[in-house]
Amino acid sequence: MQRRRPGRTYQSGKTLAAASLTALLSLSLTGCGLVGLGDDDGESDDRASAGSATVAGIDCARSGKVQGTGSSAQQNAMKHWIKQYQGACPGVRIAYNPIGSGAGGAQFLRGATAFGGSDSALKPADVESSKDVCRGGRAIDLPMVGGPIAIGYDLPGVEDLVLDAPTIAKIFDRRITMWDDAEIARLNPGADLPSMPIRPVHRSDDSGTTQNFQAFLAGAAPEVWNHPVGKAWQGRGGASASGSSGVAAEVTSGFGAIGYFELSFARAHEIKTVAVDTGAPAPVEPTPITASAGIAEAQVAGKGKDMTLKFRHDTKTPGAYPIVQVTYEIVCDRGNQKETLPALKSFLTYTASEAGQKNLSRLHYAPLPESVAGQVRDVVRTLS
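Residues numbered from 1 in each chain as written. Predicted model: local features only at pLDDT ≥ 70, side-chain atom pairs only at ≥ 80, totals over all residues. Heavy atoms only, no water.

### Examining the packing of aromatic side chains
Reasoning step 1: Counting across every chain of the model gives 10 aromatic pairs.
Reasoning step 2: The interplanar angle of 55° and the centroid separation of 5.5 Å between the aromatic rings of Trp225 and Trp233 together place this pair among those described as tilted.
Reasoning step 3: Their ring planes at 25° and their centres at 5.7 Å tell us that Trp233 and Tyr260 sit as a pair that is stacked. Of this pair, Trp233 sits in the loop between α7 (208-220) and β9 (239-241) while Tyr260 sits in strand β10 (residues 257-262), placing them 27 residues apart in sequence.
Reasoning step 4: Following the ring pairs from residue to residue traces out a cluster consisting of Phe172, Phe213, Trp225, Trp233 and Tyr260. (Phe/Tyr/Trp six-rings, centres within 6.5 Å; stacked < 30°, edge-to-face > 60°. Helix = DSSP H or I, 4+ residues; strand = E, 2+ residues; numbered from the N terminus.)

### Digging into the state of the cysteines
Reasoning step 1: This structure, assessed with the given rule, holds two disulfides.
Reasoning step 2: Cys60 shares a disulfide with Cys89; S-S distance 1.9 Å. Sign of the S-S torsion, about -65° for the bond between Cys60 and Cys89, identifies this disulfide as left-handed. Residue Cys60 is located in the loop between β2 (58-59) and β3 (64-70), and its partner Cys89 is located in the loop between α2 (75-88) and β4 (92-97); the two are separated by 29 residues in the primary sequence.
Reasoning step 3: The exposure class assigned to Cys60 is buried, which follows from its relative accessible area of 18%.
Reasoning step 4: Through a disulfide, Cys134 is tied to Cys332; the S-S separation comes to 2.0 Å. Its torsion about the S-S bond being -70°, the disulfide of Cys134 and Cys332 is classed as left-handed. (Disulfide = S-S within 2.5 Å. Buried < 20%, exposed > 50% of the residue type's maximum accessible area, 1.4 Å probe, protein only.)

### Regarding the packing of helix α11 (residues 341-351) against helix α13 (residues 370-382)
Reasoning step 1: At a minimum axis separation of 9 Å, α11 and α13 run at an interaxial angle of 175°. On the basis of their axis angle, the class for α11 and α13 is roughly antiparallel. Mapping the contact onto sequence places Lys345, Leu348 and Thr349 in α11 and Arg377, Val380 and Arg381 in α13. (Axes fitted to C-alpha atoms, helices over the stretch in contact; angles between N-to-C directions. Parallel < 35°, antiparallel > 145°, perpendicular 65-115°, else oblique. Contact = heavy atoms within 4.5 Å.)

### Some words on the nonpolar core
Reasoning step 1: Grouped together as the largest cluster of nonpolar side chains are 41 residues, with contacts concentrated most on Leu161, Ile168, Phe172, Ile184, Phe213 and Ile258.
Reasoning step 2: Sorting elements by how many residues they give to this core places helix α5 (residues 165-172) first, with five residues.
Reasoning step 3: Once you skip the residues sitting within four places of it in the chain, Phe172 turns out to touch Ile151, Pro200, Val201, Phe213, Trp225, Trp233, Gly235, Arg236, Ile258, Gly259 and Tyr260.
Reasoning step 4: Counting residues in hydrophobic clusters, the runner-up holds 40 residues, among them Leu142, Val145, Leu341 and Val376. (Core = buried A, V, L, I, M, F, W, Y, C linked by side-chain atoms within 4.5 Å.)

### Some details on the pattern of salt bridges
Reasoning step 1: For the structure on display, the rule yields 11 salt bridges.
Reasoning step 2: With a shortest N-O distance of 2.8 Å, Glu183 and Lys170 are connected by a salt bridge. Linking Glu183 in helix α6 (residues 182-187) with Lys170 in helix α5, this pair joins segments that are 13 residues apart in sequence.
Reasoning step 3: Residue class for Lys170 comes out partly exposed when judged on its relative accessible area of 21%.
Reasoning step 4: Notably, a salt bridge pairs Arg199 with Glu250, separated by 2.9 Å at the nearest N-O pair. Of this pair, Arg199 sits in strand β8 (residues 199-203) while Glu250 is found in helix α8 (residues 243-251), placing the two residues 51 residues apart along the sequence. (Salt bridge = Lys/Arg side-chain N within 4 Å of Asp/Glu carboxyl O.)

### Remarks on unusual backbone geometry
Reasoning step 1: At Ala56, a position not held by glycine, the phi torsion is positive, near 55°.
Reasoning step 2: Tracing the sequence through the fold places Ala56 in the loop between β1 (54-55) and β2.

### Section: the environment of Phe115
Reasoning step 1: Position of Phe115 among the secondary structure elements: in strand β5 (residues 115-118).
Reasoning step 2: Overall, the relative accessible area of 0% leaves Phe115 in the buried class.
Reasoning step 3: Every residue in contact with Phe115, bar those within four places of it in the chain, is listed here: Val66, Gln67, Gly68, Thr69, Met78, Tyr96, Phe108, Glu329, Ile330, Val331 and Leu344.

And the structure:
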């Protein structure tokens, strides 16, 4: 846990517990590997006894083999969901291969899998091509799990650091290059900021995390960040590393570094994280609860049954962390494979349920707000 300077009030999970959602998670990435029956995640097993007809009150499918591929961001969530679901529904076999958002979406669009996982929504061209696989329908995005993108830093003598969106944008675009810059000092009165160069670190590979981080910069500091928003990094200069694990390792490799990655990497490597000054009464730290509050600020922007979310990166709601992302499950609204459809619907109904989300807080995920999760379950029921 980070130490906090006396006199400053922070919005964190504890202060928001009564006002925020109860089931809490944050995105967690690990190495790739097929996830399925037999994986042991080391958690206590509260599943129903094998052979029961329901999982957390949701009807099991009688049989079926469901294959999914895609985002590694949800790998640990999938591992937990599959373990719980298959323990209660032994007639179903579900496997998930975390090969990345792009590759997973491509496999789904070729008809090779029942669902894909992606940290970014489908592009219009992808939706159009999906009509060849989703006969009589189209592919849609269903948000399933979310979390905060933390900004981690390694600065000697500074246990707490507060930055606002314009300052973050200037740091990552190399417009602010020293840690004792006046703009940083203004946000951190009383802090002993060293006269040390800032070393920003970004992803060298295309990633949904980069896309969501740049979407925050463009949405919350448009007057500063005028670069395109995409999976490839657009800022000027700075160091780079592959994957969130690479960025985290680079941040801890020398003083003065700052980078972005899922919260789980900060926790695993004991990296200090930035509290964001959003204009709310207190700076907001990245936690599962504050990320849930940030996701709750989003609006559904998709058409028809598509549930693409549009985040409010400039939110000033107390306790709402503004740098968030969700992982979507990509499925057909119509034209799903008949042999896998019952199991797919049953499994996704479970993952979007309160029971499916509530036990993942120790994996550092952030839950879907019930206002979103309820809509997801409604859409899943209509899949055909």
